[in-house]
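Inside the fold
Each chain, letter by letter, is given below.
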Amino acid sequence: MSTVDASKLKQPNPIIGVCQLTCTVDKDKNFQISRSLIERAKSKGAKMVFLPEAVDYIGESKQQSIDMAEDLNGITISKYQDLAKQLGVWISVGGFHQKVKEEKRLLNTHVLIDNNGEIQSTYSKAHLFDLDIPEKVRLCESDYTVPGDKMVSPVETPVGKVGLSICYDLRFPEMSTALAKEGADILTYPSAFTVPTGMAHWEVVDPWGAVIAQCREGTDVCVAEIDLSYLKSVRANMPIWSHKRPDLYGEIQNLSKRSGCDIDSEEKYQFGHFAPLRLAERLCDLSPTEISDVFNTVQTVSNVIKKHFNGTSLTVAVQDGKDAGQTVKHFHVHILPRREQDIPNNDDIYHELEKHDKVMLQSDMRSEEEMEKESRELRKYFNL
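Residues numbered from 1 in each chain as written. Predicted model: local features only at pLDDT ≥ 70, side-chain atom pairs only at ≥ 80, totals over all residues. Heavy atoms only, no water.

Going by an unreviewed UniProt entry, the protein carries the name bis(5'-adenosyl)-triphosphatase and comes from Mytilus edulis. The UniProt entry for the protein carries the following text under Catalytic activity (unreviewed entry): "P(1),P(3)-bis(5'-adenosyl) triphosphate + H2O = AMP + ADP + 2 H(+)". (UniProt positions renumbered as here; feature names shortened; annotations may be inferred.)

Here is the structure:
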């Protein structure tokens, strides 16, 4: 009898569930319906379940919507966290009325909860639907909702990297392009529609634009397989990223995902530190898009500090791993503006970097006032 290496067998594609329901002002009833749909999706093998916008409640007035809002650590999200942990599934709470301190409006927040009940990411709706035709109709989300001020990076989940958006964000392709550029496999647009505008049911659409699963009329749940190998195949056969012309219309990127950089001042040398905001211990942990963003920004920062400190050359050193001088477990780059004969033996630069790291771990760092002053001087170069 021959044996089969199980590791070489094709693993089944992960399954997701998409839920559709009509929410009311009754929070508890809405949760119970959602719970039953999530349980149905779980019974069909779903590893991740997606809920619509405003799944917590639909207020009967703007003021009621504001008054009923909760914090992220309130009872509603806590219930979904407990449910995710109990069932062992990821849950996308597509739109939650989040209370904002010292604000008379609320945030419309997409909350992503993992199978351990932990909140992995939150995104607040950035594009608000405002329709104001004098003497005819006024339907303005901004009357009671604060627009979100940033995008969030796609989240690694059991079904792929999920990009978070909400409803009206769909109308702005720049956001979806930026999320895809960051590596998103799945784009989400949880929505809450009135009957006239929401006649199209909840659907799951594949990378070729084909609808592969759809909820029926009314309260329902549908499931679908997520085939990431098919996604890669479609992208390979239709390589639009290599056909783009940023020289004509510029690059689209997630500007909220700014990489952190600081410039440390010692008596003799000025070092720029640059690292991605997402925790990445090694260079190989970054996606191709993130690597491109990192080194595009390294180039920008390099030009700035060379100009600011009157450098004639640059030394750029990647610290990738403990044996490369990495004293903190995250991939980062040292940027050093150089002047003629500042280090006569160029190989000594690595000793200077090592000395610099040791100094940074001691108490003789610059004062907050000194660093704040330098920050103000550098800010002008970045239009911040």
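There is more to say after this.
Further remarks concern the packing of helix α1 (residues 27–43) against helix α3 (residues 75–87). Running from N to C, α1 and α3 cross one another at 20 degrees; their axes reach a closest spacing of 11 Å. Relative to α3, α1 is oriented roughly parallel. The handedness of the crossing between α1 and α3 comes out as right-handed. Counted together, K27, D28, F31, S34, R35, I38, E39 and K42 of α1 and T76, K79, Y80, L83, Q86 and L87 of α3 form the full contact between these two elements. Split into classes, the residues belonging to the contact of α1 with α3 amount to 5 nonpolar, 3 polar and 6 charged. (Axes fitted to C-alpha atoms, helices over the stretch in contact; angles between N-to-C directions. Helix = DSSP H or I, 4+ residues; strand = E, 2+ residues; numbered from the N terminus. Parallel < 35°, antiparallel > 145°, perpendicular 65-115°, else oblique. Left-handed = near helix turned anticlockwise from the far one by under 90°. Contact = heavy atoms within 4.5 Å. Nonpolar A, V, L, I, M, F, W, Y, C, P; charged D, E, K, R; others polar.)

For the rest of this paragraph, the subject is α1. The terminal C-alpha atoms of α1 lie 24 Å apart, and with 17 residues this matches the ideal 24 Å at 1.5 Å per residue to within 8%. Where α1 is concerned, the buried positions are N30, F31, S34, L37, I38 and A41. Down the axis of α1, the sector holding all buried residues measures 130 degrees, keeping them to one side. In this fold, the buried residues of α1 make contact with β1 (15–20), β2 (46–50), α3, β3 (90–99) and β13 (220–225). (Expected span 1.5 Å × (residues − 1). Buried < 20%, exposed > 50% of the residue type's maximum accessible area, 1.4 Å probe, protein only. Arc of directions from axis to C-beta.)

Read from one edge of the open sheet, 6 strands run β5-β4-β3-β2-β1-β13, paired in mixed fashion. In this open sheet, the two strands that pair with only one neighbour each are β5 (119–124) and β13. Adjacent strand axes in the sheet meet at a mean angle of 25 degrees, parallel and antiparallel pairs treated alike. In terms of strand pairing, strand β4 (residues 106–113) meets β5 through 5 bridges, oriented antiparallel. In the strand pairing of β5, H110 is matched with Y123. Here α1 sits on the sheet and contacts β1, β2, β3 and β13; the angle it forms with β13, its principal contact strand, is near 30 degrees. (Pairing = 2+ DSSP bridges.)

Mapped onto the elements, K181 comes out in helix α4 (residues 173–181). Here I252 takes part through its backbone oxygen, which lies 3.4 Å from a polar atom of the side chain of K181. Apart from the residues lying within four places of it in its own chain, the contact partners of K181 are W241, E251, I252, Q253, T289 and D293. (Polar contact = N/O pair within 3.5 Å; in protein donor to acceptor, adjacent residues only side chain to side chain.)

Right, let's talk about unusual backbone geometry for a bit. Most peptide bonds are trans, and most residues other than glycine sit at a negative phi. Despite not being glycine, E135 shows a phi value in the positive range, around 65 degrees. With respect to the secondary-structure elements, E135 resides in the loop between β6 (130–133) and β7 (137–140). Phi at C167 is positive, roughly 40 degrees, even though this residue is not glycine. Here C167 lies in the loop between β9 (160–164) and α4. By relative accessible area, which is 13% here, C167 ends up buried.

The subject of this paragraph is the packing of aromatic side chains. Ring pairs (aromatic) are described by centroid distance and by the angle formed between their planes. Under the defined criterion, the tally for this structure stands at 3 aromatic pairs. Residues F31 and Y80 carry aromatic rings whose centres are separated by 4.9 Å and whose planes lie at 75 degrees to one another, so their mutual orientation is edge-to-face. In this pair, F31 is assigned in helix α1 and Y80 in helix α3, connecting sequence segments 49 residues apart. Aromatic pair Y168 and F172: ring centres 5.3 Å apart, planes at 85 degrees, arrangement edge-to-face. On the accessibility criterion, F172 (25% relative accessible area) is partly exposed. Site record: aromatic cluster; members linked through ring pairs are F129, Y168 and F172. Seen from the ring of W241, K244 lies directly overhead, with NZ or CZ sitting 5.0 Å from the centre. (Phe/Tyr/Trp six-rings, centres within 6.5 Å; stacked < 30°, edge-to-face > 60°. Lys NZ or Arg CZ within 6 Å of the ring centre and 35° of its normal.)

Let's shift gears to the state of the cysteines. As enumerated under the stated definition, the model contains 0 disulfides in all. In this structure C222 is not part of a disulfide, and its nearest cysteine sulfur, from C215, lies 3.7 Å away. (Disulfide = S-S within 2.5 Å.)

Here the focus is the sheet that holds β9. Across the sheet, which stays open at both edges, the 3 strands sit in the order β8-β9-β10 with mixed pairing between neighbours. Strands at the two margins of the open sheet, each flanked by one partner only, are β8 (155–157) and β10 (186–188). Averaged over all adjacent pairs, the angle separating strand axes in this sheet is 35 degrees, with direction ignored. As paired elements, β8 and β9 share 3 bridges and run antiparallel to each other. Its bridge partner lying in β9, V155 is registered against V162.

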